[in-house]
Amino acid sequence: LEKAALEAKLKAETLDVTIPGKEVALGHKHPMYTVLDEIKQVFLDMGFEIMDGPEIELSNYDFDRLNIPENHTVREWTDTFYITEDEQVHLRCQTSPVQVRTMEKQKPPIRVIAPGRVYRSDAVDATHSPLFHQIEGLVVDRGITFGDLKGTLDYFCKQMFGPDRKTRFRAHYFPFTEPSA
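Residues numbered from 1 in each chain as written. Predicted model: local features only at pLDDT ≥ 70, side-chain atom pairs only at ≥ 80, totals over all residues. Heavy atoms only, no water.

1. Focus on the side chain of arginine 75
The cut-off we apply is this: By definition, any uninterrupted DSSP run of H or I lasting at least four residues is a helix, any uninterrupted run of E lasting at least two residues is a strand, and each is numbered from the N terminus. Burial status follows relative accessibility: with a 1.4 Å probe on protein chains alone, a residue under 20% of its type maximum counts as buried, one over 50% as exposed, and anything between as partly exposed. For this analysis, a polar contact is any N or O atom pair within 3.5 Å, provided that within protein one partner can donate a hydrogen and the other can accept it, and provided that sequence-adjacent residues contribute only side-chain to side-chain pairs.
For arginine 75, the position within the fold is in the loop between helix H3 (59-62) and strand E3 (89-91). A residue is classified by how much of its surface remains accessible, and arginine 75, at 10% relative accessible area, is buried. Of note is the side chain of arginine 75, whose polar atom sits 3.1 Å from the backbone oxygen of proline 69.

2. Structural notes on the sheet that holds strand E1 (residues 49-50)
By way of backbone hydrogen bonds, the strands of a sheet pair with one another, either parallel or antiparallel. The criterion, for reference: Strand pairing is assigned whenever DSSP identifies at least 2 bridges connecting the two strands.
The sheet built from 3 strands is open, its strands ordered E1-E4-E5 with mixed pairing. Only two strands of the sheet have a single partner each, and these edge strands are E1 and strand E5 (131-140). Relative to strand E4 (residues 110-119), E1 runs parallel, the two sharing 2 bridges. In the sheet register, glutamate 49 faces E4, and the bridge partner there is valine 112.

3. A short note on the packing of helix H2 (residues 31-45) against helix H5 (residues 146-161)
The test is simple: A fitted line through C-alpha atoms serves as each axis, taken over the contacting stretch for helices, and the angle formed by two N-to-C directions is quoted from 0 to 180°. In what follows, roughly perpendicular refers to angles from 65 to 115 degrees, roughly parallel to angles under 35, roughly antiparallel to angles over 145, and oblique to any angle outside these ranges. The sense of a crossing depends on the near helix, which, turned anticlockwise from the far helix by less than a right angle, makes the crossing left-handed and, turned clockwise, makes it right-handed. Here, two residues are considered to be in contact whenever any of their heavy atoms come within 4.5 Å of each other. Gly falls in the polar group here, along with every residue not listed as nonpolar (Ala, Val, Leu, Ile, Met, Phe, Trp, Tyr, Cys, Pro) or charged (Asp, Glu, Lys, Arg).
Running from N to C, H2 and H5 cross one another at 135 degrees; their axes reach a closest spacing of 10 Å. Between H2 and H5, the angle falls in the class oblique. Handedness of the H2/H5 crossing: right-handed. Counted together, Val35, Glu38, Ile39, Val42 and Phe43 of H2 and Thr152, Tyr155, Phe156, Gln159 and Met160 of H5 form the full contact between these two elements. Split by residue class, the contact of H2 with H5 holds 7 nonpolar, 2 polar and 1 charged.

4. Thoughts on the packing of aromatic side chains
Describing an aromatic ring pair means giving the distance of the ring centres and the angle of the ring planes. Here is the rule: Centres within 6.5 Å make a pair out of two Phe, Tyr or Trp rings, where for Trp the six-membered ring is used; the pair is then stacked when the planes are under 30 degrees apart, edge-to-face when over 60, and tilted otherwise. Throughout this description, the term charge over a ring refers to an Arg CZ or Lys NZ atom that lies within 6 Å of the ring centre and within 35 degrees of the ring normal.
For the structure shown, the criterion picks out 3 aromatic pairs. Relative to phenylalanine 48, the ring of phenylalanine 43 has its centre 5.2 Å away and its plane inclined at 85 degrees; by these criteria the two rings are edge-to-face. Taking the relative accessible area as the measure of exposure, phenylalanine 48 reaches 6% and is therefore buried. A network of ring pairs unites the aromatic residues Phe43, Phe48 and Phe156 as a single cluster. For the cation-ring pair, arginine 65 lies above tyrosine 61, with the distance from its terminal atom to the ring centre recorded as 4.5 Å.

Any functional reading would require information that these geometric values do not contain.
Okay, here's the thing in structure tokens:
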């Protein structure tokens with residue numbers, strides 16, 4: 001009787017495999033990555049390339065080739081996440097090594113941005129995090145001036161924040177970049 005009931009039930013039930021299944025909601029992209037994609041697109045529209053580099057970096061690229069002196073605080077164990085005891089391998093603390101690698105691989109003209117995650121040994125508070133995202137730009141060509149930088153940043157701000165936004169530049173001293181604003 002059980003076998004007959006099962007056979008009758010199987011004959012009565014039909015499954016149409018052509019009917020679409022239930023849609024699975026997968027969520028959405030994190031807002032930070034949405035903004036990062038918008039930033040990248042603004043620079044792509046201006047003719048920049050997007051470059052990427054390793055997050056585990058050699059000190060040679062992250063410090064030495066950027067002329068960061070041996071006694072600079074960023075090289076200390078308290079500021080950088082070293083992976084090897086000889087302090088030659090660590091989590092990158094800036095995206096500047098991407099610029100060095102780009103200049104090794106291609107000759108000018110160069111127009112790139114280097115967005116990416118960077119790591120610094122900071123205590124978490126309202127303005128600090130051991131992991132954050134950074135975007136650096138590099139332009140190398142004949143006839144490039146500080147005015148080109150100002151125009152690029154002004155255009156970027158208008159694209160990101162609206163055409164009515166005004167930008168203001170102030171001179172600032174930072175020992176590794178000159179001029180700085």
